[in-house]
Amino acid sequence: MATICRHVVKESFLRSRTAYSLHLLSTPRRLLSRKGSLRMSNGGWNLNDTVVKPVGFALAVGCAGLGAAAYVDSRLFPWFDIGYERRQLERARRSTANHLLRKPLDEIQKLRCMWDELSDGKQLFICLTTVNAIVFSLWHIPSTRLHNFMRRYFLHEPASGGRLQMLGSTLSHVSVPHILVNSYVLYTFSEPITRQLGTPQLLGFSLCAGLSASVASLLHSYIIKCQIGGLGISGVIMGWMSFFALSNPDAQFSLIFLPMVPISAVTALGGLVAFDVAGLILGWRTLGHAAHLGGVVFGGVYQQYGQDIYHRICQIIYIL
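Worth saying up front: this structure is predicted, and the values here are computed from it rather than measured.

**Structural notes on the overall build of the chain**
So, step 1. Tallying secondary structure elements over the chain gives 12 helices and six strands in all.
So, step 2. Across the chain, every contact between residues at least 6 apart in sequence was considered, and the portion connecting residues at least 24 apart equals 74%.

Structure, rendered in structure tokens:
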């Protein structure tokens, strides 16, 4: 979740395609620090409206999301069944049958066959990347009304007390490098973590990881009394990495800039956590370090306790 450090005062700049368009038009200059973050006095934060209610919203939506995932898992696929392998075999059977058909398929049928042949991880990656690309495109449409809408629902501004933006901001990107890097990491982890959790559970997990990242960013902003707007799916990615690294500590990674130097998953995770902790201590604002750590904490807690609770819920629903 990248920290937005570019704020605009003039409305004409809002209409520029090259502008980030994440701004505080009504903010007096005296409240803006040199780094672009909104400085607020202690009286500017209402504990109930800006902290308690958003955190309660995150808990309610997260529990509902995991509950819905458990229901789908237990109803569509028997509890703790080898659903992933079974679906892969079903896709292979359908693919073979389609190739044996003598009548020509129309374009829609061909696309459906191609989609069915993809693994669950690739399907999830395509869906998430498509949504990210759509939201990214909306940010760059030169419309004042649209930018106000995007800022309200797809930029997390902790002091505003907004709830839906805690969800929308996790699928929102503004800069090209940000969305490209996140898409690359999503592609890297989508296949192995989908094999481990399955699509329904992974969707519920991702929802909770994104909300955890938003809550961590909110609490950090409240503690330092400085609004730090944030967006991006990085919190979800950090949750994925944390869960995967703790579940598979001996797995090897290759750095994007040093592909010839493999490192273990736990080492990579430890390095990222150390970097984010240093960012919090030193006050770096380029990245959402608090949000990253929120995703890491949720991934670790879920790996230790969440899976067992999830499987018990699935078993209860299956019996009922």
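**Re the pattern of salt bridges**
Side-chain pairs of opposite charge can arise where the charged atoms are in close proximity.
So, step 1. Summed over all chains, the structure comprises four salt bridges.
So, step 2. The closest approach of N and O atoms between Lys-53 and Asp-49, which form a salt bridge, is 3.5 Å. One end of the pair is Lys-53 and the other is Asp-49, both in helix α2 (residues 47-76) and four residues apart, which spans about a single turn.
So, step 3. Lys-53 gets classed as partly exposed once you look at its relative accessible area, which sits at 38%.

**Considerations on unusual backbone geometry**
Where the residue is not glycine, phi is negative for most of them; where a peptide bond is considered, it is trans in most cases.
So, step 1. One non-glycine residue, Lys-225, lies in the positive phi region at around 55°.
So, step 2. When you line up the elements, Lys-225 lands in the loop between α9 (199-224) and β3 (226-227).

**Some remarks on the nonpolar core**
So, step 1. Judged by nonpolar contacts, the single largest core of 34 residues is most densely connected at Leu-186, Phe-189, Leu-202, Phe-205, Trp-240, Tyr-302 and Tyr-310.
So, step 2. Of all hydrophobic cores here, the second largest spans eight residues; its members include Val-135, Trp-139, Phe-154 and Leu-231.

**Considering the packing of aromatic side chains**
So, step 1. On inspection of all chains with the given rule, the structure shows 10 aromatic pairs.
So, step 2. Here Phe-189 and Phe-244 contribute two aromatic rings whose centre-to-centre distance is 5.9 Å and whose plane-to-plane angle is 80°, an arrangement assigned as edge-to-face. Remark: Phe-244 occurs in helix α10 (residues 234-247) and Phe-189 occurs in helix α8 (residues 176-197); sequence separation between them is 55 residues. The burial state of Phe-189 is the same as that of Phe-244; both residues are buried.
So, step 3. Their ring planes at 70° and their centres at 5.1 Å tell us that Phe-205 and Tyr-302 sit as a pair that is edge-to-face.

**Things to note about the environment of Ala-133**
So, step 1. For Ala-133, the location among the structural elements is in helix α5 (residues 120-139).
So, step 2. With 47 residues separating them in the primary sequence, Ala-133 and Leu-180 have C-alpha atoms 9.9 Å apart.

**Here we look at α9**
So, step 1. Given a rise of 1.5 Å per residue, 26 residues ought to cover 38 Å, and the 38 Å separating the end C-alpha atoms of α9 matches this to within 8%.
So, step 2. Where α9 ends, the next residue or the one after it, Lys-225, has phi of about 55°, a positive value.

**What to know about a nonpolar patch on the surface**
So, step 1. There is a patch of nonpolar side chains on the surface, built from Phe-275, Val-277, Leu-280, Ile-281, Leu-282, Trp-284 and Leu-287 and spanning about 630 Å² of accessible area.
So, step 2. Examined against the element boundaries, Val-277 turns out to sit in helix α11 (residues 265-282).

**Examining the packing of α9 against α10**
So, step 1. It is the contact of α9 with α10, at a shortest axis distance of 8 Å, that shows an interaxial angle of 120°. Classified by the interaxial angle, the pair formed by α9 and α10 is oblique. α10 is crossed by α9, and the crossing has right-handed handedness. Residues Leu-202, Phe-205, Ser-206, Ala-209, Gly-210 and Ala-213 of α9 lie in contact with α10, whose contacting residues are Gly-235, Val-236, Gly-239, Trp-240 and Phe-243.
So, step 2. Looking at the contact of α9 with α10, its residues break down into seven nonpolar, four polar and no charged.

**Observations concerning the side chain of Asn-182**
So, step 1. Mapped onto the elements, Asn-182 comes out in helix α8.
So, step 2. Judged by relative accessible area, Asn-182 falls into the buried class, the value being 6%.
So, step 3. In this structure the side chain of Asn-182 is engaged in a polar contact, spanning 2.9 Å, whose partner is the side chain of His-173.
So, step 4. Each residue touching Asn-182, except ones within four places of it in the same chain, is listed here: His-173, Ile-233, Ser-234 and Ile-237.

**With respect to the confidence of the model for the chain**
So, step 1. Looking at the chain as a whole, the pLDDT averages 78, with 75% of positions reaching at least 70.
So, step 2. Every residue in residues 79-83 scores below 50 in pLDDT, and together they form seven contacts with partners more than four places removed in sequence or on other chains.

**Let's talk about the environment of Gly-239**
So, step 1. Tracing the sequence through the fold places Gly-239 in helix α10.
So, step 2. Residues Gly-239 and Val-301 lie 62 residues apart in sequence; the distance between their C-alpha atoms is 9.8 Å.
So, step 3. Once residues lying within four places of it in the same chain are set aside, the contact partners of Gly-239 are Phe-205, Gly-295, Val-296 and Gly-299.

**Concerning the environment of Met-150**
So, step 1. With respect to the secondary-structure elements, Met-150 resides in helix α6 (residues 144-154).
So, step 2. With 15 residues separating them along the chain, Met-150 and Gln-165 place their C-alpha atoms 9.1 Å apart.
So, step 3. Setting aside residues up to four positions removed in sequence, Met-150 forms contacts with Val-135, Leu-138, Trp-139 and Leu-155.

**Overview of the state of the cysteines**
So, step 1. Taken as a whole and assessed by the stated rule, the structure comprises zero disulfides.
So, step 2. Lacking any disulfide linkage, Cys-208 is separated from the closest cysteine sulfur, that of Cys-63, by 6.8 Å.

**A look at α8**
An α-helical turn contains 3.6 residues, so a residue and the one three or four places further along point in the same direction.
So, step 1. With 22 residues, α8 extends 30 Å from end C-alpha to end C-alpha; this agrees with the ideal 32 Å at 1.5 Å per step.
So, step 2. Along its length, α8 shows its largest kink, about 40°, at Ser-190, and proline Pro-192 lies within four residues downstream of that point.
So, step 3. Every buried residue of α8 is listed here: His-178, Ile-179, Asn-182, Ser-183, Val-185, Leu-186, Phe-189, Ser-190, Glu-191, Ile-193, Thr-194 and Leu-197.
So, step 4. In the segment just after α8, Gly-198 is the residue with positive phi, at about 85°.

About the thresholds
Residues numbered from 1 in each chain as written. Predicted model: local features only at pLDDT ≥ 70, side-chain atom pairs only at ≥ 80, totals over all residues. Heavy atoms only, no water. Helix = DSSP H or I, 4+ residues; strand = E, 2+ residues; numbered from the N terminus. Contact = heavy atoms within 4.5 Å. Salt bridge = Lys/Arg side-chain N within 4 Å of Asp/Glu carboxyl O. Buried < 20%, exposed > 50% of the residue type's maximum accessible area, 1.4 Å probe, protein only. Core = buried A, V, L, I, M, F, W, Y, C linked by side-chain atoms within 4.5 Å. Phe/Tyr/Trp six-rings, centres within 6.5 Å; stacked < 30°, edge-to-face > 60°. Expected span 1.5 Å × (residues − 1). Patch = residues over 30% accessible without salt bridge, like charges linked within 9 Å, V, L, I, M, F, W, Y side chains within 5 Å. Areas by Shrake-Rupley, 256 points an atom, 1.4 Å probe, with all protein chains shown as cover. Axes fitted to C-alpha atoms, helices over the stretch in contact; angles between N-to-C directions. Parallel < 35°, antiparallel > 145°, perpendicular 65-115°, else oblique. Left-handed = near helix turned anticlockwise from the far one by under 90°. Nonpolar A, V, L, I, M, F, W, Y, C, P; charged D, E, K, R; others polar. Polar contact = N/O pair within 3.5 Å; in protein donor to acceptor, adjacent residues only side chain to side chain. pLDDT = per-residue confidence, 0-100. Disulfide = S-S within 2.5 Å. Bend = angle between axes of the 7 residues up to and from the residue.

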